[in-house]
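Letter by letter, the chains look like this.
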Amino acid sequence: MPENEELVAKRRKLGPGSETGLRGGKMPIDKYRNFTSWYPIPFDEKWPTRTWPSKKIEKAPRWCSVDLRDGNQALINPMNHEKKLRLFMHLIKIGYKEIEVGFPAASQTDFDFIRHIIDNGLVPDDVYVQVLTQAREPLIKRTIEGVRGAKNVVLHIYNSTSELQRRVVFKAERDDIKKMAVEGTKLLKELAEKELKGVNVRLEYSPESFTGTELDFALEVCEAVCDVWGATPQNQVILNLPSTVEMATPNIYADQIEWMCAHISRRDSVCISLHPHNDRGTGIAAAELALMAGADRVEGCLFGNGERTGNVCLVTLALNLFTQGIDPEVVYNELDETIEIAEFCTELKVPERYPWAGSLVYTAFSGSHQDAIKKGLEALGDKVWEVPYLPIDPHDIGRQYEAIIRVNSQSGKGGIAYLLETEYGIAMPKDCQAEFSQVVQKITDASGKEVSPKEIYDAFNSCFIDLKEPLSLIDYEMSKGSSGDIEVSLKAHIRVGIEDIEITGEGNGPVSAFVSGLNKKLFAPHMMHFELSDYSSVARAQCKQLQSSEAVATVRCQAMNCGKKQGGRRFGIGIHRNTTTAVLQAVMSALNRIGSAGDSKLFSKLK
């Protein structure tokens, strides 16, 4: 009964400001406004309807890693030269062809690093180094000095165009912001043509805070920049349209990108680039929908590093494509190495549940999940990867199957059986799995913690193999049966408590002869006997722990009294190089487990 029915009823009807204080009141929603209430994305003759929802991503975008610049500026401890170099070389190794290497005019460390990788020939001929600069002459000159001698360069210029920053930060009109972008581009072009002769130079322009910029104004500024630079299909301008701050649901960003793709006057002369942030936790979705909307390129960081909640994660995006059968054009087949390098260089840990990369993402604790994974792996064909709860083959990213299933109090028989089989080569029948899982469940309930494969194996041995009381097998010998119907005669020496005795029995095989001998000698005199069922014997599977070929025999026994079942049935398991020995040990194991359960009188008369 409830402690107080009136109090329970009152709790159910609690509202804001309740005197009990069990609810915290109302959030101050009046401080905020819906993004679409002030930001229209109008349909017109160039964009009569959105088409991106019906599109599919069919190839990888151009990737640009901004780990060494955007990611680096967001670190508590920015990377030193050695860390920058280690991360740069790893980005090259895994296949990135555009890498933003720094802001040379803003940092001596960045400038020196850029000079180091150029002067020492560390930039492959097919890789573009990207550098960021503001639209100011001294900064542009320093930037060009930093990249002189490189083969391929992206000069990235930006200024903020959003309505909020125009109004609050710059206190400037649209024309002032546009002029800043145009004059910066003119100066950059003049100095690049003069100082970077023979260098493959690309321009990237970012209307920073694009998602908060009116679309007509963002288009106007981008068109002006393209005009000044002289964009052509052979000399494309990278128009980087950043979700500098995530302000709405991902579909809104996709609409913005598709609108820009539809309205830009020379679509074949520009590369539409994305730079999503993750303020609302939807950076990945925003990037994928924006690619469907027509974008060509994505800037981001490994594992989502970056200001505030970070940039979009390049690893997640690439592996998302991979799981759809699309070549991501970067290689993460040694993902743990990428994690180790990123964690060392950024001093940020990759969380255990991080998509594709976390230490627990290929691990199942739930019993039903474990059982499904086990069955999926057993049924797996040679071509298409189809395993429940595992959308990617861990081997493809350098992970191992051993960590897929782990056991705690939420686990079931499937996970326990999988670990025993993969780690120790021991396969149990389904009903035996269920019986043994109760043993492990008691261990996990008592500890409240995960149990290791070794702890499960120890519990298995204690439950089935090491149980030698009251019965144990010493030795046995077999001979031909006494008649045509009796194929085997068996004599065995067994220990009962502290006494060694001999039993003899006959049957159509060694198991039935052994059961007959035990019943005749030990139990029949007391009006008891036991019956055997569910006999199976399999070879111990190949595994790390197996030193030689062995048989795993499983039987289930039932105590009987005057023809009626007494107590529960119990499984027993025996493991031995000799199959017959294994099954005889399994019979002893099952009988000892019946005795230890205490729910029958099978052993009540034995000394």
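See above for the structure.
Here the structure is a predicted model, which means the values were calculated and not measured.

Asks: Provide a residue-level description of the pattern of salt bridges, including the pertinent values.
Replies: Enumeration over the complete set of coordinates arrives at 40 salt bridges. With its nearest N and O atoms 2.9 Å apart, the salt bridge here joins Glu347 to Lys83. Pair noted here: Glu347 is in the loop between helix H12 (335-346) and helix H13 (367-379) and Lys83 is in helix H3 (residues 81-94), with a separation of 264 residues, a long-range link. Here Glu183 and Lys179 are joined by a salt bridge, their closest N and O atoms 3.9 Å apart.

Asks: Outline the packing of helix H7 (residues 174-195) against helix H8 (residues 215-229), listing residues and values.
Replies: Relative orientation of the contacting elements H7 and H8 amounts to 25 degrees, with a least axis distance of 9 Å. Here H8 runs roughly parallel to H7, going by the angle between their axes. Crossing hand, H7 versus H8: right-handed. Listed contacts from H8 to Arg174, Ile177, Lys178, Ala181, Val182, Thr185, Lys186, Leu188 and Lys189 of H7 are Asp216, Phe217, Glu220, Val221, Ala224, Val225, Val228 and Trp229. Taken together, the residues that form the contact of H7 with H8 break down as 10 nonpolar, 1 polar and 6 charged.

Asks: Describe the packing of H8 against helix H9 (residues 250-263), with residues and values.
Replies: Where H8 meets H9, the axes come as close as 11 Å, and the angle between the chain directions of the two elements is 45 degrees. Between H8 and H9, the angle is such that the two are oblique. As H8 packs across H9, the resulting crossing turns out to be right-handed. Every residue of H9 that contacts H8 at Leu215, Asp216, Ala218, Leu219, Cys222 and Glu223 is listed here: Gln256, Trp259, Met260 and His263. Partitioning the contact of H8 with H9 into residue classes produces 6 nonpolar, 2 polar and 2 charged.

Asks: Go over the side chain of Ser472 with me, naming the residues and quoting the values.
Replies: Of note, Ser472 is situated in strand S9 (residues 471-480). Apart from residues no more than four positions distant in its own chain, Ser472 is found in contact with Ile494, Arg495 and Met588.

Asks: So, the sheet that holds S9: which residues are in play, and what are the values?
Replies: Read from one edge of the open sheet, 3 strands run S9-S10-S11, paired in antiparallel fashion. In this open sheet, the two strands that pair with only one neighbour each are S9 and strand S11 (499-507). Strand-to-strand twist in this sheet, taken as the mean axis angle between neighbours without regard to direction, amounts to 20 degrees. The pairing of strand S10 (residues 488-496) with S11 spans 9 bridges and is classified as antiparallel. By the bridge assignment, Ala492 is partnered in S11 with Ile503.

Reading the values: the criteria
Residues numbered from 1 in each chain as written. Predicted model: local features only at pLDDT ≥ 70, side-chain atom pairs only at ≥ 80, totals over all residues. Heavy atoms only, no water. Salt bridge = Lys/Arg side-chain N within 4 Å of Asp/Glu carboxyl O. Helix = DSSP H or I, 4+ residues; strand = E, 2+ residues; numbered from the N terminus. Axes fitted to C-alpha atoms, helices over the stretch in contact; angles between N-to-C directions. Parallel < 35°, antiparallel > 145°, perpendicular 65-115°, else oblique. Left-handed = near helix turned anticlockwise from the far one by under 90°. Contact = heavy atoms within 4.5 Å. Nonpolar A, V, L, I, M, F, W, Y, C, P; charged D, E, K, R; others polar. Pairing = 2+ DSSP bridges.

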